[in-house]
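Descriptive analysis of the structure
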Amino acid sequence: MSVRILAFFDTRYQASPEFARLSGSDDPWHALRNARPPSRQYDHVNWPSSLGTYDLGAPNQAASVVGMAAGAGVDGFVVAINIADGRYFTGVEPLIPLCRPELFGLAFHWANGKDPFWASPAARDVRKERARALVAALPSQDHVYVGGRPILIIDHPQDLAEPAGTLALIREEAKRSGLPDLYIIANRAGDTGLQDQGYDAAVDPDPGDWPSCQPKNKPSGLEILEIRAGLRDSVEWTDKFYPYALFAVSRMINRQKRGKVFPRVFPAYQNWPTHLDGDATVLTNRDSGGVDRYIFGLFVENAITFAHEAFPADERLVFVDSWNHWLDGSQVEPSTLDGDLVYNTLRAAIDKGRYMIRTRGELPSRRLGSSIHDMISQICDAAAAAMPTGK
């Protein structure tokens, strides 16, 4: 089986009154429209181009979104399970008619960080009832299957008060509802102890949750005083800035030693719109004036060849963060600033990665190693150029 590519997807972009009530917004594009960078250190938030500000509730528009993703080689979307008013919801209803067995499916990640119930112990019957409500949010079919099992990603596994018991309850309720046993993935950089808790695998967190290298901004004592005096931009102290190229390469080094942890790839990332009070993560790429398509392409290719080499046939997964997370700047959808360059880069990299493993022109391990060394040689100049030179 070829490596399957799954992209994280935000279903909030739909004009559904019920979904608007649960998600707390009647204008899904409002946050993007009103995001203004408070610092010149941030890039402006991008904006959809060819797809426009679509409404997933309109069948033709939803079909365009899914069709474009499938055209890039994406095998399915990963959708969040959120909670509001004690009810779990996903907003996948407009996508279900567009799913086809073995062609395009859905996986789910449970945003348990927004569900404080599970952070504290509770009686088994109470937890069982909540687990039943959680599983009820999953559709009966149209999943991406691993060994015949639907995928569920636990967003913050460290926040579960009783991880092994919680996973056992969720599996039990999934079977009771008629679903097969779940393939449960922890959103975590390592898998130490995860299998003992009941997880089948892990996936790399997004850049905001896992900094895989050191930030380039480390203000000295004098610079902190200058920041406090208003002589320097405060985000140099409150936020973390990383060279994109170095960050991407550090995600792919020594992966074999980390166990069954699926790669997560991204063309860019900046979450300042949701961290205006500080602690934002910003991947910078100012030396190339935009997304570094070369590094992003190699990032995707290496993730594919690594997954093919490292995992069993039905567990070869690579995750894209994201298809349309516009407020994080990691989207692949065509945009006003980048056009379709990021989209075409992803499509070409997926095609090339799958071609390499299909033809076996090179052993995956050799290709992985040579690509990483090629990337590192390219990174040195990029990282050096991105580092602050001081006064």
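Residues numbered from 1 in each chain as written. Predicted model: local features only at pLDDT ≥ 70, side-chain atom pairs only at ≥ 80, totals over all residues. Heavy atoms only, no water.

Quick notes on the packing of helix H10 (residues 293-310) against helix H11 (residues 341-359)
Packing of H10 against H11 leaves a shortest axis separation of 8 Å and a crossing angle of 35°. Remark: the crossing between H10 and H11 carries right-handed chirality. Judged by residue contacts, Arg293, Phe296, Gly297, Val300, Glu301, Ile304, Thr305 and His308 of H10 engage Leu341, Val342, Thr345, Leu346, Ala349, Ile350, Lys352, Gly353, Arg354, Met356 and Ile357 from H11. Looking at side-chain class alone, the contact of H10 with H11 contains ten nonpolar, five polar and four charged residues. (Axes fitted to C-alpha atoms, helices over the stretch in contact; angles between N-to-C directions. Helix = DSSP H or I, 4+ residues; strand = E, 2+ residues; numbered from the N terminus. Left-handed = near helix turned anticlockwise from the far one by under 90°. Contact = heavy atoms within 4.5 Å. Nonpolar A, V, L, I, M, F, W, Y, C, P; charged D, E, K, R; others polar.)

Some thoughts on the pairing of strand S12 (residues 281-284)
Alternating residues of S12 divide into Thr281 and Leu283 and Val282 and Thr284, and every residue in both groups is buried. Direction of pairing for strand S9 (residues 240-243) relative to S12: parallel, over a ladder of four bridges. Bridge assignment links proline 243 to a residue of S12, and that residue is threonine 284. (Buried < 20%, exposed > 50% of the residue type's maximum accessible area, 1.4 Å probe, protein only. Pairing = 2+ DSSP bridges.)

Things to note about the pattern of salt bridges
The tally for this structure, following the rule as stated, stands at 25 salt bridges. The salt bridge involving glutamate 173 is made with arginine 132; its shortest N-O contact spans 2.9 Å. On the criterion of sequence distance, the pair formed by glutamate 173 in helix H5 (residues 163-176) and arginine 132 in helix H4 (residues 124-136) is long-range, its members being 41 residues apart. By relative accessible area, which is 1% here, glutamate 173 ends up buried. Salt-bridge contacts for glutamate 173 lead to arginine 176; the nearest nitrogen and oxygen are separated by 2.8 Å. (Salt bridge = Lys/Arg side-chain N within 4 Å of Asp/Glu carboxyl O.)

What about the packing of H4 against H5?
Two elements in contact, H4 and H5, have axes whose closest approach is 9 Å; the angle formed by their N-to-C orientations is 55°. Here H4 lies oblique to H5, going by the angle between them. Between H4 and H5 lies a crossing of right-handed hand. Touching Arg124, Arg127, Lys128, Ala131, Arg132, Leu134 and Val135 of H4 are Gly165, Thr166, Leu169, Ile170, Glu172, Glu173, Ala174 and Arg176, all from H5. Classifying every residue of the contact of H4 with H5 by side-chain character gives six nonpolar, two polar and seven charged. (Parallel < 35°, antiparallel > 145°, perpendicular 65-115°, else oblique.)

Details of the packing of aromatic side chains
Taken as a whole and assessed by the stated rule, the structure comprises 21 aromatic pairs. Aromatic pair tyrosine 242 and phenylalanine 247: ring centres 5.1 Å apart, planes at 75°, arrangement edge-to-face. Of the two residues, tyrosine 242 and phenylalanine 247, neither departs from the other in class, the shared state being buried. Members of the aromatic cluster, each reached through a chain of ring pairs, are Phe8, Phe262, Phe306, Phe311 and Phe319. For arginine 130, the ring lying beneath its charged end belongs to phenylalanine 117, and the centroid distance is 4.2 Å. (Phe/Tyr/Trp six-rings, centres within 6.5 Å; stacked < 30°, edge-to-face > 60°. Lys NZ or Arg CZ within 6 Å of the ring centre and 35° of its normal.)

With respect to the layout of surface pockets
Empty space within the largest pocket amounts to approximately 980 Å³. Taken together, 39 residues form the lining of the largest pocket, with Lys114, Asp155, Asp206, His325 and Asp328 sitting closest to its centre. Sorting the residues of the lining of the largest pocket by element identifies strand S1 (4-9), helix H1 (17-23) and strand S2 (76-84) as the ones contributing at least two each. Of the residues belonging to the lining of the largest pocket, the class tally is 13 nonpolar, 15 polar and eleven charged. (1 Å grid on protein atoms, 1.4 Å probe; cavity = no way out; pocket = protein on both sides within 12 Å on 5 of 7 lines; lining within 4 Å. Points joined across faces, edges and corners; volume = space filled by probe spheres on them.)

Remarks on unusual backbone geometry
Backbone torsion omega between aspartate 321 and serine 322 reads 20°, so that peptide bond is classified as cis. Checked against the element boundaries, serine 322 lands in the loop between strand S13 (317-320) and H11. Positive phi is not limited to glycine here, since aspartate 142 has a value of about 70°. Judged by relative accessible area, aspartate 142 falls into the buried class, the value being 17%. With a phi angle near 70°, aspartate 279 is a residue other than glycine that sits in the positive phi range. Structurally, aspartate 279 is set in the loop between strand S11 (264-265) and S12.

Some thoughts on the confidence of the model for the chain
The predicted coordinates should not be examined in detail at positions where pLDDT is low. On average, residues of the chain carry a pLDDT of 88, and 90% of them reach 70 or more. Across residues 361-369, confidence stays below pLDDT 50; counting only partners more than four residues off in sequence or on other chains, it has 18 contacts. Across residues 386-391, where pLDDT falls below 50, the model places six contacts with residues more than four positions away in sequence or in other chains. (pLDDT = per-residue confidence, 0-100.)

Focus: empty space enclosed by the protein
Scanning all chains against the criterion turns up one cavity of 30 Å³ or more. The space that makes up the largest cavity amounts to roughly 40 Å³. A class-by-class count of the residues in the lining of the largest cavity yields four nonpolar, two polar and two charged.

Let's talk about the side chain of threonine 345
Among the secondary structure elements, threonine 345 is positioned in helix H11. For threonine 345, a relative accessible area of 13% corresponds to the buried category. Aside from chain neighbours lying at most four places away, what touches threonine 345 is Arg293, Phe296 and Gly297.

Notes on helix H7 (residues 221-228)
Within H7, the full set of buried residues consists of Ile224, Glu226 and Ile227. Seen end-on, H7 carries its buried residues on one side only, within an arc spanning 160°. Across H7 from its buried face, at more than 90 degrees, point the exposed residues Leu222, Leu225 and Arg228. Where H7 terminates, the next one or two residues include glycine 230, which has phi positive at roughly 85°. (Arc of directions from axis to C-beta.)

Things to note about the environment of leucine 32
When you line up the elements, leucine 32 lands in helix H2 (residues 30-33). Discounting residues that sit within four places of it in the chain, leucine 32 has contacts with Val45, Asn46, Trp47, Pro48, Trp326 and Leu327.

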